[in-house]
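Residue-level listing of the chains:
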Amino acid sequence: MTASFPTGTILGYPRIGRRRELKRAVEAHWSGAVTLEELETTAAELRRATRARLVELGLGRDDSSIPESFSFYDQVLDAAVTVGALPARFDDLRDADGQIPLGAYFTAARGDGERAALEMTKWFDTNYHYLVPEIGPETAFSLSSDRFARQVAEARADRVTVRPVVVGPVTLLALAKATDAAPEGFRPLDRLEDLLPVYVELLSTLRAAGAEWVQLDEPALVSESLNAAPGELADAARRAYDVLGSATRRPAILVAAGYAQLSAEAWTTLAAAPVEALALDLHRGAVPAPADGLSGKTLVGGVIDGRNVWRGDLAAAVAALDDLRALGAPVAVATSTSLQHVPHDVADETALDPRLASWLAFADQKVQQVATLARGLRDGRAAIAADIDAAAAAAADRRHAAGVRDGGVRARIAQLTAADHRRPDYELRLAAQAAAVPLPALPTTTIGSFPQTGEIRRARARLVRGEITPEEYDGFLRDEIARVIDLQLDLGLDVLVHGEPERNDMVQYFAENLDGFTVTQNGWVQSYGSRATRPSILWGDVSRPAPITVPWSRYAQSLTDKPVKGMLTGPVTILAWSFVRDDQPLADTAAQVALALREEIADLEEAGIQIIQVDEPALRELLPLKAADQPGYLEWSVGAFRLATAGAGTATSVHTHLCYSDFAVVIDAIAALDADVTSIEAARSRGAVIDDIARSGFSHGVGPGAYDIHSPRVPSVAEMTDLLQRAADRLPLRQVWANPDCGLKTRGYDETVVSLRNLVTAAAAVRARA
Ligand code: GLN
Ligand code: ZN
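Residues numbered from 1 in each chain as written. Chains lettered and ligands numbered in written order. Predicted model: local features only at pLDDT ≥ 70, side-chain atom pairs only at ≥ 80, totals over all residues.

An unreviewed UniProt entry annotates the protein as 5-methyltetrahydropteroyltriglutamate--homocysteine S-methyltransferase of Microbacterium saccharophilum. According to UniProt, the comment filed for the protein under the heading Pathway (unreviewed entry) is "Amino-acid biosynthesis; L-methionine biosynthesis via de novo pathway; L-methionine from L-homocysteine (MetE route): step 1/1." (UniProt positions renumbered as here; feature names shortened; annotations may be inferred.)

The structure is reproduced here in structure tokens:
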């Protein structure tokens, strides 16, 4: 007998803790200050507090409406470890019964002296990073952790019936990459039939531990950006859920597909599958067409946006749930995705303008909105009329508030023409730039930031606490810039940077200095593992009240005759790493940010800066999951970059930086950016991207990252010489730059100095051979 699905639920909750308790505990454990047992105790307390909070906010203790979505690091790693899908290099870390203990889990996530960590990449079109499982023909799947079952039992002991949340088998395989040992053409999805028995076993342990429902997350079924076609993924889902649904000892199954519309094939497949409930993203997707096989299933409408921070429109949510009900199955309400992408609680933001705060909903407010909508489903719309009206009133207030629409900004945007997006021909620019700033072949540079030392962070904290004056802080930053310039002169780099010591974060810094944004105090969101970011909230029309980076760049340039690069964050990245207003197209918001950056570039030129870098590491991340949406996205995102940069003079060299190496996917867009020089990640792929660049015919300057800054390892002269030589062999030398593959802010000075010295030596060696 199956328990019915709760009327309201969320698909997952932030797991880092309201004050990042998990981060502190986990990092203390890594540093040796806290034992594994103490860490487990802290985590259990955090889970208990989360369940209590969710009950307080209106979810039920015993109806499976509370998801158990805790993770020590990452939900994909949780699933991979549970089914034993770690590559062979971690085998010796298993315990005597072949189980994978927490220590091994962390080693897979972080690596150690001898073992490389699993690779990390972005989860769908979000800024959350998951660990990429490595699966080959040799992977021996077996139930290797009882953590999910233990957490269910732990909740039971507190008399809470939770619904464990596990990444489903199709998504786990679709997101995995082949092991090095796998033959050409092998794909992890080929192993589905071998994996399913382990999921069957997992379901039976969850049932035995007291779970009445399990949530299997299958967002792969919405994506058209994976290495498998939607039809193929849907077919995998049919095979998977035929098997899991027929298991005899199991909880009822909710298959959840957030982040976009389920593919048509996956929808008809799942509608007919022997599972008990389906969760659909009705925020990013629409109510699907009628399908066969729905009877007896609950349809869970994800009408409250799990990814952004705006207070949901309850009237629209009720209407969407009504449309869903028209499909003829019982309906429940949920968030569109896990709430792991939003901060905990607006009530923690005491410094926020109360009016702005009334427009927002973080995780806890979203839980309340779900609980309200559930009440509406049970008792009728009239029962929640006051809440619907309050939400509508907040939305109306927001529409009319000062700053949401700024006539001046809108007038400037309206005047733009195609010519504002175009620079003179590249060859003309190249000549003018070479005359303005003569550089040797294979010029050396860095990506912008230098190490953010404890001293810098302490000075910033003291400024915030009022322990030093803004003038003292300014003086401190100037000294820091002078030191970084001296160091670069000593190292012999050709194009210098000021080091970005004034920036806490490459997006927040700009948000703090532009109108239309606000920042939070406690709005942390997990980025990966123990790392969290505090995205700014972009709520109004964007403009630049005053120059932002100009004083720092001007000062840095005053210290040397060598060129100092100005350093800006691009419009797409500013959008991607903020919570963005949802009341107008992203394209319009991007154009406003671009215009503000365009003014900054003009002022940098005025201040004598001749090379300006506009970073766009998130250009790839925002690429829509649906193929049909991608051309439109690329058009506006590239357009925003060009609007930001095309005001630069012919002799001003515009650089850009992208962090990733899946260059082939976005090569046309990168070319369309029309930057003079583009630096990209290359070291981790051992320079393979250089071949992609050569094949693509890309003719502007390119700096293939000569070493990986994500590790403290110091690269040797020989390995960087090899990589740069490879570039020099494949591409005209005039195109190639020598630089690390990203900013140095997370590194220490010891390894930075030696690494850069080696880079300069390697560049000189390749130059000498040319
Ligand atoms: N200029 C930035 C830095 O060096 C770029 C960072 C990034 O690409 N993520 O820190
Ligand atoms: Zn980068």
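Caption draft 1: Representation of the pairing of strand β8 (residues 252-257) within the structure. Counting buried positions over the six residues of β8 gives six, a clear majority of the element. Of the two faces of β8, the one holding A252, L254 and A256 and the one holding I253, V255 and A257 are both buried throughout. Judged from the five bridges that link them, strand β7 (residues 213-217) and β8 form a sheet pairing that is parallel. In the strand pairing of β8, W213 is matched with A252. In this fold, β7 hands off to helix α8 (residues 230-246), which returns the chain to β8; that crossover is right-handed. Where β8 and strand β9 (residues 277-281) come together, four bridges link them in parallel fashion. Among the inter-strand pairings, A256 is bridged to a residue of β9, identified as A279. For the crossover from β8 across helix α9 (residues 264-272) to β9, the handedness is right-handed. (Buried ≥ 20, exposed ≤ 12 C-beta atoms within 10 Å, placed from the backbone. Helix = DSSP H or I, 4+ residues; strand = E, 2+ residues; numbered from the N terminus. Pairing = 2+ DSSP bridges. Right-handed = clockwise from strand over helix to strand, strands pointing away.)

Caption draft 2: Focus on the sheet that holds strand β18 (residues 611-615). The strand order across the open sheet built from five strands is β16-β18-β19-β20-β21, with neighbouring strands paired in parallel fashion. Edge positions in the open sheet fall to β16 (565-569) and β21 (701-704), since each of these has one partner strand only. Along the sheet, successive strands turn relative to each other by an average axial angle of 20°, direction set aside. Bridging between strand β20 (residues 677-680) and β21 involves four bridges; their strand directions are parallel. Residue pairing for β21: T678 is matched across the bridge by V702. (Axes fitted to C-alpha atoms, helices over the stretch in contact; angles between N-to-C directions.)

Caption draft 3: Representation of the pairing of β16 within the structure. Among the five residues in β16, five count as buried, and that is most of the element. Every second residue of β16 is oriented toward a common face, with K565, M567 and T569 on one face and G566 and L568 on the other, all of them buried. As judged from the five bridges shared by β16 and β18, these two strands associate in the parallel manner. By the bridge assignment for β18, G566 is matched with I612.

Caption draft 4: Spotlight on the sheet that holds strand β11 (residues 331-335). With parallel pairing, the seven strands of this open sheet are ordered in space as β1-β5-β7-β8-β9-β10-β11. Across the chains shown, the open sheet's two edge strands, defined by having one partner strand only, are β1 (66-68) and β11. Within this sheet the neighbouring strands show an average axis-to-axis angle of 30°, counted without direction. Here helix α12 (residues 363-379) sits on the sheet and contacts β10 (298-304) and β11; the angle it forms with β11, its principal contact strand, is near 170°. (Contact = placed C-beta atoms within 7 Å.)

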